[in-house]
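# Topology and contacts: notes
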Protein chains: 2
Amino acid sequence: MTSAGSRSRTPQANADADGTNSSVTMRDVARLAGVGTITVSRALQHPDRVTAETRRKIDEAIAALGYVPNLAAGTLRSSKSRIIVAIVPTMSNSIFAETLQAMSDVLRPAGFHLLIGHTGYSAAEEEALVAAFLARRPDGVILTGYTHTPRTVELLRRARIPVIEMWNIGPDPIDTIIGMSSYDASLAMTRYLIRKGYRRIGYIGGLLQDNDRTAQREAGFRAGLEEAGRPFDPLMIVRAPFEFESGGTALGDLLNRMPDADAVFAASDILAVGVLLECLGRGIAVPGRLAVAGFDDAGISSRMTPPLTTIRVPRRAIGRTIAERMLARLAGRPTGERIVDLGFELIERASA
Amino acid sequence: MTSAGSRSRTPQANADADGTNSSVTMRDVARLAGVGTITVSRALQHPDRVTAETRRKIDEAIAALGYVPNLAAGTLRSSKSRIIVAIVPTMSNSIFAETLQAMSDVLRPAGFHLLIGHTGYSAAEEEALVAAFLARRPDGVILTGYTHTPRTVELLRRARIPVIEMWNIGPDPIDTIIGMSSYDASLAMTRYLIRKGYRRIGYIGGLLQDNDRTAQREAGFRAGLEEAGRPFDPLMIVRAPFEFESGGTALGDLLNRMPDADAVFAASDILAVGVLLECLGRGIAVPGRLAVAGFDDAGISSRMTPPLTTIRVPRRAIGRTIAERMLARLAGRPTGERIVDLGFELIERASA
DNA sequence: CCGTGACATGGTATCGTTACCCTTGTAAAG
DNA sequence: CTTTACAAGGGTAACGATACCATGTCACGG
């Protein structure tokens, strides 16, 4: 850089090479627009409370200076961060990813940003995330499921902000819980399989550790068997992580223990698709020799041969509803019940 | 609440029902621990710069008061937010989700939080996201691909923070670009198919709008044909969104235009799996009648019948490498080249 | 002609933390 | 025993925005 290039600058003016200042504040905008800083703040927060002419001058000054507001300062003063924390077990599962996207699509236009964390299905990790995120003073928190450590609940109670638990309906929400009942859905599918005449039904479920959704699904299955007077046997159950790879392996395990099974209910479409592909590989006729049912209605499920009978869960609706409810709460608008059940749909296709 | 319950409280003390104050500050902690506020700050930021005894007293005071630091204040004063912004086209595609998780797994233990946005494959939306997120004064920004609006680039340049573009290597990074070459990979797959003797190769690609990854893949395919002296014909190409549903439909289109095709290269495993399932439904033998190759090596690909020949992309490694690089930059440690190519692997399986 | 009130705008203090710089105490060196 | 060096800790100001309250202006009715 030549010395001539900086000849007209005072030493203090930390101007960039392109002439714009690297730390333009509201004060600078106000000065250029010939108004007070507070008016700039108002023009940005409540445009209708300043005259069109003032707004125009301010907008011009902002553009000329390349002003970018500093939300850290605003958050500190107003104690409103416009951050919503969302914690999911994993982002890789497209179910959660779609719910998060739906939430984001509603929250962003309203000026809120989602701070996302994933726990890897660990309540202890969830606690650590909540503790760390609360330091950002979020305006609201969204958790997955209703299984949390006592300290997690305590931290959230003390934060005195809206907390919405999602996906799985439970009896005693921290604040509000929005989703559907995994138990009801699983029970419905089990009844359906029994009604269809399957006599020896195996179950491939998810891991139960810190996961009330998989636990409810398994409980719903057992309840369905028991109300039909079918003996329950632990041998009928295999548990595996939700990966395509484990569906096939789990089917192998199940058939070793229960060679006479005529139906399999998998607690996730990821597992169910793995099962279908394994059947294809082994030459097991579906549903002739073995019926297969899933849970989630993933994108691929309807394209399988045979198409998969499954439970459709309102994943986008859950995200949207949660976000709208959160916005209503934060705006002080009245909200309804503390427990919102968005239901499910049993999709009957050819596989079972 | 009974009046007896609050008898010992001063009017100003906004104590909660459980006795803890809803806005405990560092000053309160300092007072209880019998030290200055600055010492509390040091104990939290640089634990090795205070004695073990002081640290213990402070830790006890923090626990007793239920103190939660206020990062907004810290950010304002230190102009370090410990926020990293990451922008992806979509979170539903598990490719991006896994990269984000890998980044998060490295960043979180270092005290950084990921602020995630999704653009829906729109450069204009990306610009809006960047503008909005910069108000949070992130310490770094991670973008997908190298196709951005001029204003996006300008905003990021002015922010004077590390910017890492990811996934697709391009010639002129804003700052640093880490990923692999979609062009090279696509070219390699096309050469492979030609070498295997396929004569009429169709291509099912993604939409090109604001997406340099799909563009490079298509360009690599064309280059592969041309270097082998094969005539390129626009009829050989079908474009569809990356959904399982569209793979099958796209195959139908392609076979209408190109009934003599003996191989299909799909620019994403999601599409390729859709193609395989469609073949299964239509009774098209793979690879006998039609070979199928994909791109991404999704979890399901190896479980298909036949297993899918594809390009394995280092999705977790990309996330990890980006996060490590970002941390190194922010710590002032030296970093290497501005363009980091993590390569790819052609996985030969039975489908092509 | 003046009081009244609605509206637009401004001055000043403040949010909770950390940077900067200083004081104190103690141990090592001479 | 004094000097030097360094570690531990503290006082004060400042980061950039908004809340609170005050002021000025103008239209309108009595």
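Residues numbered from 1 in each chain as written. Chains lettered and ligands numbered in written order. Predicted model: local features only at pLDDT ≥ 70, side-chain atom pairs only at ≥ 80, totals over all residues.

This part takes up the overall build of chain A. A count of helices and strands for chain A gives 12 helices and 12 strands. The C-alpha radius of gyration of chain A comes to 27 Å, more than 25% above the 20 Å expected for a compact globule of 352 residues. Across its three principal axes, chain A shows a C-alpha extent of roughly 90 × 50 × 35 Å. When each of the 352 residues of chain A is scored for burial, the buried share is 49%. For chain A, the share of sequence-separated contacts (at least 6 apart) that also reach a separation of at least 24 residues comes to 67%. (Helix = DSSP H or I, 4+ residues; strand = E, 2+ residues; numbered from the N terminus. Rg over C-alpha atoms; globule rule 2.2 N^0.38 Å. Buried ≥ 20, exposed ≤ 12 C-beta atoms within 10 Å, placed from the backbone. Contact = placed C-beta atoms within 7 Å.)

Here we come to the protein's contact with DNA strand D. Residues in contact with DNA strand D amount to 25 residues; listed here are only the nearest, Met26, Ser41 and Ala73 of chain A together with Gly36 and Thr39 of chain B. In terms of residue count, the dominant contributor to the surface near DNA strand D is helix H4 (residues 71–78) of chain A (five residues). Across the surface near DNA strand D, the residue classes break down as nine nonpolar, 12 polar and four charged. (Near = placed C-beta within 6 Å. Nonpolar A, V, L, I, M, F, W, Y, C, P; charged D, E, K, R; others polar.)

Close contacts around DNA strand C come from 25 residues, with Gly36 and Thr39 of chain A together with Met26, Ser41 and Ala73 of chain B the closest. Listing elements by their share of the surface near DNA strand C, those giving two or more residues are helix H2 (37–45) and H4 of chain A together with helix H1 (26–33), helix H2 (37–45) and helix H4 (71–78) of chain B. Considering every element that reaches the surface near DNA strand C, the biggest residue donor is H4 of chain B, with five residues. Counted by class, the surface near DNA strand C contains nine nonpolar, 12 polar and four charged residues.

A few words on helix H9 (residues 212–227) of chain A. Because an α-helix packs 3.6 residues into every turn, residues spaced three or four apart end up facing the same way. Residue and element names in this part refer to chain A. The end-to-end C-alpha distance of H9 is 22 Å, a good match for the 22 Å that 16 residues give at a rise of 1.5 Å each. On its buried side, H9 packs onto strand S4 (163–168), helix H8 (182–195), strand S6 (201–205), strand S7 (237–239) and strand S8 (263–266). With its phi angle positive at about 75 degrees, Gly229 sits one or two positions after the end of H9. (Expected span 1.5 Å × (residues − 1).)

Within the UniProt annotation, "domain: HTH lacI-type" (unreviewed entry) is assigned to residues 24–78 of chain A. As annotated, residues 24–78 of chain A comprises 71% helix and 0% strand, and the C-alpha atoms at either end are separated by 21 Å. (UniProt positions renumbered as here; feature names shortened; annotations may be inferred.)

Predicted coordinates in areas of low pLDDT are best not read in detail. Per-residue confidence for chain A gives a mean pLDDT of 91, with 94% of residues at or over 70. Here residues 1–21 of chain A is a poorly scored stretch, pLDDT under 50, and it has nine contacts once near neighbours within four places are set aside; other chains count. (pLDDT = per-residue confidence, 0-100.)

The residue after Val286 of chain A, namely Pro287 of chain A, is reached through a cis peptide bond having omega 0 degrees. Secondary-structure assignment places Pro287 of chain A in the loop between helix H11 (269–282) and strand S9 (291–293). Of note, the bond from Thr305 of chain B into Pro306 of chain B is cis; its omega dihedral lies within 30 degrees of zero at -5 degrees. Mapped onto the secondary structure, Pro306 of chain B falls in the loop between strand S9 (291–293) and strand S10 (310–312). The residue Arg82 of chain B is not glycine, and still its phi comes out positive at about 55 degrees. Judged by local crowding, Arg82 of chain B falls into the partly exposed class, with 19 C-beta atoms found within 10 Å. Positive phi outside glycine occurs at Asp210 of chain B, with the angle close to 55 degrees.

Before going further, it helps to spend a moment on the relation of the copies chain A and chain B. Least-squares fitting of chain A to chain B yields an RMSD of 0.1 Å, with the transformation described by 0.0 Å of translation along the axis and a rotation of 180 degrees. The superposition of one copy onto the other is thereby described by a two-fold rotation axis. Most of the interface of chain A is mirrored in chain B, where 100% of its interface residues are also at the interface. (Least-squares fit on C-alpha atoms with pLDDT ≥ 70 in both.)

Attention shifts here to helix H8 (residues 182–195) of chain B. Residue and element names in this part refer to chain B. A rise of 1.5 Å per residue sets the reference length of H8, with its 14 residues, at 20 Å; its end C-alpha atoms lie 20 Å apart and thus fit the reference within 8%. Within H8, burial applies to Ser182, Tyr183, Ala185, Ser186, Leu187, Met189, Thr190 and Leu193. Phi for Gly197, located one or two positions after H8, is positive at around 100 degrees.

This next bit is on the sheet that holds strand S6 (residues 201–205) of chain B. All names here are of chain B. An order of S7-S6-S8-S9 is seen for the four strands of this open sheet, with the pairing classed as parallel. Every other strand in the sheet has two partners, leaving strand S7 (237–239) and S9 as the edge strands with one partner each. Taken over all neighbouring pairs, the strand axes of this sheet differ in orientation by 20 degrees on average, direction set aside. As paired elements, S6 and S7 share three bridges and run parallel to each other. The residue of S7 that forms the bridge with Gly205 is Arg239. (Pairing = 2+ DSSP bridges. Axes fitted to C-alpha atoms, helices over the stretch in contact; angles between N-to-C directions.)

With that settled, the discussion passes to the interface of chain A and chain B. On the side of chain B, 45 residues touch chain A, which itself brings 45 residues to the contact. Contributing elements (two or more residues each) for the side of chain A that touches chain B: H4, helix H5 (94–107), strand S2 (113–118), helix H10 (244–257) and H11 of chain A. With six residues, H5 of chain A is the single largest residue contributor to the side of chain A that touches chain B. Of the residues contributing to the side of chain A that touches chain B, the split by class is 20 nonpolar, 17 polar and eight charged.

Within the fold, Gly252 of chain A resides in helix H10. Spatially, the C-alpha atom of Gly252 of chain A lies 9.7 Å from that of Cys279 of chain A, the residues being 27 residues apart in sequence.

Core analysis: the largest hydrophobic core is formed by 174 residues, its most contacted members being Val292 of chain A together with Val292 of chain B. In this structure, Val292 of chain A is in contact with Val264, Ala266, Ala272, Val275, Leu276, Val286, Pro287, Leu308, Ser351 and Ala352 of chain A, ignoring residues within four places of it in sequence. (Core = buried A, V, L, I, M, F, W, Y, C linked by C-beta atoms within 7 Å.)

Residues and elements named next belong to chain A. Looking at the assigned domains, one finds that chain A contains domain 1 (4–69), domain 2 (81–180 + 316–342) and domain 3 (182–312). Here domain 2 and domain 3 have C-alpha centroids that lie 29 Å from each other. With 13 residues of domain 2 at the interface, the matching set in domain 3 holds 11 residues. For the side of domain 2 that touches domain 3, the class distribution of residues is six nonpolar, seven polar and no charged. (Domains from an automatic or database assignment.)

Right, let's talk about the environment of Glu60 of chain B for a bit. Looking at where Glu60 of chain B falls in the secondary structure, it is placed in helix H3 (residues 52–65). The sequence separation of Glu60 of chain B and Tyr198 of chain B amounts to 138 residues, and the corresponding C-alpha distance is 72 Å.

Another point: the sheet that holds S6 of chain A. Residues and elements named next belong to chain A. The four strands are arranged S7-S6-S8-S9 in an open sheet whose pairing can be described as parallel. The outermost strands of the open sheet, each flanked by one partner alone, are S7 and S9. The mean angle between the axes of side-by-side strands here comes to 15 degrees, regardless of whether they run parallel or antiparallel. Sheet topology note: the S6/S8 ladder contains four bridges and is parallel. Across the sheet, residue Tyr203 finds its bridge partner in S8, namely Phe265. Packing against the sheet, H8 makes contact with S6, S8 and S9, and its axis sits at approximately 170 degrees to S8.

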